[in-house]
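The lines below spell out each chain.
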Amino acid sequence: MNTPNELFSTAKGYSLQCDVTSKVILHFGDLTASFKIRDFLNFRRAVNQIDIQSKLFDLSDESDYEFVEAPQLNLSHKLTLCETIQFRELVNGTFFAIELNSLLHELLYTEQELV
């Protein structure tokens, strides 16, 4: 039995990697989203393009919320500004874990070839 491996977690959510489906699964509050790796990278780029600093100084009601969207998953979720910051931390932590795992795998694979 192959179970998903936890990649990253915060107080507000966690992410998993499923080796069977080759997908990254994000859990954040009532939001659960499953991404192919390429879709996750595009989604991360979109999340990081949210201009949080300008929203902090914008006093309009519209800047209190952000819609996080992944059209390929038919996903649209409304987050408060605070949740957006926490969600970004989860997404970027997940990305870091994927990059670290990839680097370690590459190093170990290369080491085995040399032995």
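Located above this text is the structure these notes cover.
What you see as residue numbers is a count from 1 along each chain, following the sequence as written. Note on the predicted model: pLDDT of at least 70 is required for a residue's local features to be given, and 80 or more for side-chain atom pairs to be given and counted; whole-chain, interface and lining totals, by contrast, use all residues. Values reported for side chains reflect all heavy atoms of the structure, with hydrogen atoms and water molecules removed beforehand.

A. Fine view of the sheet that holds strand β4 (residues 31-36). We call two strands paired when DSSP finds no fewer than two bridges between them. Helical segments are the DSSP runs of H or I of at least four residues, strand segments are the runs of E of at least two, and each set is numbered from the N terminus. As summarised here, the arrangement of the 4 strands in space is β1-β2-β3-β4, forming an open sheet in which the pairing is antiparallel. Pairing within the sheet leaves two strands with one partner each, and these edge strands are β1 (5-9) and β4. Averaged over all adjacent pairs, the angle separating strand axes in this sheet is 20°, with direction ignored. Relative to β4, strand β3 (residues 23-28) runs antiparallel, the two being bridged by 6 bridges. In the strand pairing of β4, Val 24 is matched with Phe 35. Axis lines are fitted through C-alpha atoms, for helices just across the contact stretch, and the angle between N-to-C directions can take any value from 0 to 180 degrees.

B. Structural context of helix α1 (residues 37-48). Here α1 spans 16 Å end to end across 12 residues, near enough to the 16 Å set by a 1.5 Å rise per residue. Exposure classes here rest on a 1.4 Å probe applied to the protein chains alone. A residue is buried below 20% of its type maximum, exposed above 50%, and partly exposed in between. Three or more residues of α1 are buried, namely Phe 40, Phe 43 and Val 47. On an axial view of α1, the arc spanned by its buried residues comes to 65°, and they lie on one face. Helices are assigned an expected span. That span is 1.5 Å times one less than the residue count. Starting at the helix axis, one direction is taken to each C-beta atom, and the arc is that of these directions.

C. Layout of the pairing of strand β2 (residues 13-18). Sheet topology places β1 next to β2; 4 bridges connect them, and they run antiparallel. Among the inter-strand pairings, Phe 8 is bridged to a residue of β2, identified as Ser 15. With antiparallel pairing between neighbouring strands as the criterion, β1 and β2 make up a hairpin whose turn holds 3 residues. The pairing of β2 with β3 spans 6 bridges and is antiparallel. Paired with Gln 17 across the two strands is Val 24, which belongs to β3.

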